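Observations on the model geometry
The lines below spell out each chain.
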Amino acid sequence: MKNIVILISGGGSNMAAIVRAAEHERWAARFDARVAAVISNKADAAGLALARERGIATAVVPHRDFANREDFDRALAAAVDAHAPALVVLAGFMRILTPGFVGRYAGRLINIHPSLLPAFPGLNTHQRAIDAGCKVAGLTVHQVTAELDHGPILAQAVVPVFADDTATSLAERVLVHEHRVYPAAIAAWLGETK
Ligand code: GRF
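For clarity, every value in this text was computed on a predicted model and none was experimentally measured.

**Quick word on the sheet that holds strand β3 (residues 57–60)**
- In spatial order, the strands read β3-β2-β1-β4-β5-β6-β7; together these 7 strands make up an open sheet with mixed pairing. On the outer flanks of this sheet lie β3 and β7 (153–160), each paired with one strand and no other. Averaged over all pairs of adjacent strands, the angle between strand axes in this sheet comes to 20 degrees, irrespective of strand direction.
- Taken together, the 4 bridges between strand β2 (residues 33–40) and β3 define a ladder with parallel strand orientation. The residue of β3 that forms the bridge with A37 is A57.
- Strand contacts of helix α7 (residues 167–192): β1 (2–8), β2, β4 (85–90), β5 (109–113), β6 (136–143) and β7, with the helix running at about 155 degrees to β7, the strand carrying the most contacts.

This is how it looks when you write it as structure tokens:
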């Protein structure tokens, strides 16, 4: 069985979309894969309750408990490795990971970023796209490498930017597509690594 471990920091709507797709699209039967665990750096991440309701194992590794990134990442890796992951999925996980952590999961660590990379890595992507006068925005699913919001692109989707958009309205429009594209990219990855 290929275990998928999902890391979240907040609402976890992408995580929920992945869990739903795994059920509806029968990833267990088709890919011998399942969402084995959801891990958060924040104890109050709303997504944790949803994962528990679905019977998925959860864990919290609070980053504030650790003096530096290296120590946090070591503890995080131990929590992740407890589920022997075939794939580690960052879904709104708002911590920068050390090269040590990234290297440990090379080729099996992916992220979703709410912009058309390589445009707008980092935070506040929607406001920055509006400020730049972009007519389109979007999202990118990519393999994680040591450089933040870089790495080989697995999937992208484009959405229009409207003249009256705010960062909030644009984020909502992009998120709808994140929920479609992230599960599809994971299913494609699982199909290719049979
Ligand atoms: C998404 O827009 C994701 O691309 C970004 O943070 C947001 C997380 O949303 N990195 P959720 O926690 O999946 O609801």
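**Thoughts on the site of the ligand**
- The environment of the ligand is formed by G11, G12, S13, N14, G92, I112, P114, L175 and E178.
- Between the ligand and S13, the relevant distance is 2.5 Å, taken from an oxygen atom to a side-chain nitrogen or oxygen of the residue.
- Interatomic distance of 2.8 Å between a backbone N/O atom of N14 and an oxygen atom of the ligand.
- Contact with the protein chains removes 79% of the 370 Å² of surface that the ligand exposes when unbound.
- Of all the elements in the fold, those that place two or more residues in the shell around the ligand are α1 (13–24) and α7.
- Each residue belonging to the shell around the ligand can be placed in one class, and the counts come to 3 nonpolar, 5 polar and 1 charged.

**Things to note about α1**
- Here α1 contains 12 residues, and its C-alpha end-to-end distance of 16 Å stays within 8% of the 16 Å for a straight helix at 1.5 Å per residue.
- Listed in full, the buried residues belonging to α1 are N14, M15, A16, A17, I18, V19, A21 and A22.
- The positive-phi residue at the C-terminal boundary of α1 is R26, with phi of around 50 degrees.

**Observations regarding the packing of aromatic side chains**
- Under the definition given, this model contains 3 aromatic pairs.
- Ring centres of F101 and Y105 lie 4.8 Å apart, and the angle between their planes is 55 degrees; on these two criteria the pair is classed as tilted. A single burial state applies to F101 and to Y105, both of which are buried.

**Quick notes on the pattern of salt bridges**
- Scanning all chains against the criterion turns up 4 salt bridges.
- Of the charged contacts, one joins D71 and R74 as a salt bridge, the two residues approaching to 2.7 Å between their closest N and O atoms. With D71 and R74 both in helix α4 (residues 69–81), this residue pair falls 3 residues apart, about one helical turn.
- Of the charged contacts in the structure, one is a salt bridge between R104 and D81, with a shortest N-O distance of 2.5 Å. In this pair, R104 sits in helix α5 (residues 99–104) while D81 sits in helix α4, placing the two residues 23 residues apart along the sequence.
- R104 gets classed as partly exposed once you look at its relative accessible area, which sits at 46%.

**Side note on helix α3 (residues 46–53)**
- When we look at burial in α3, the residues that qualify are G47, L48 and A51. Projected down its long axis, α3 shows its buried positions confined to an angular sector of 105 degrees, all on one face. Among the exposed residues of α3, those pointing more than 90 degrees away from its buried face are A46 and E53.
- Looking at the packing, one finds that the buried side of α3 touches β1, α1, β2 and β3.

Cut-offs used in this document
Residues numbered from 1 in each chain as written. Predicted model: local features only at pLDDT ≥ 70, side-chain atom pairs only at ≥ 80, totals over all residues. Heavy atoms only, no water. Pairing = 2+ DSSP bridges. Helix = DSSP H or I, 4+ residues; strand = E, 2+ residues; numbered from the N terminus. Axes fitted to C-alpha atoms, helices over the stretch in contact; angles between N-to-C directions. Contact = heavy atoms within 4.5 Å. Near = heavy atom within 4 Å. Polar contact = N/O pair within 3.5 Å; in protein donor to acceptor, adjacent residues only side chain to side chain. Areas by Shrake-Rupley, 256 points an atom, 1.4 Å probe, with all protein chains shown as cover. Nonpolar A, V, L, I, M, F, W, Y, C, P; charged D, E, K, R; others polar. Expected span 1.5 Å × (residues − 1). Buried < 20%, exposed > 50% of the residue type's maximum accessible area, 1.4 Å probe, protein only. Phe/Tyr/Trp six-rings, centres within 6.5 Å; stacked < 30°, edge-to-face > 60°. Salt bridge = Lys/Arg side-chain N within 4 Å of Asp/Glu carboxyl O. Arc of directions from axis to C-beta.

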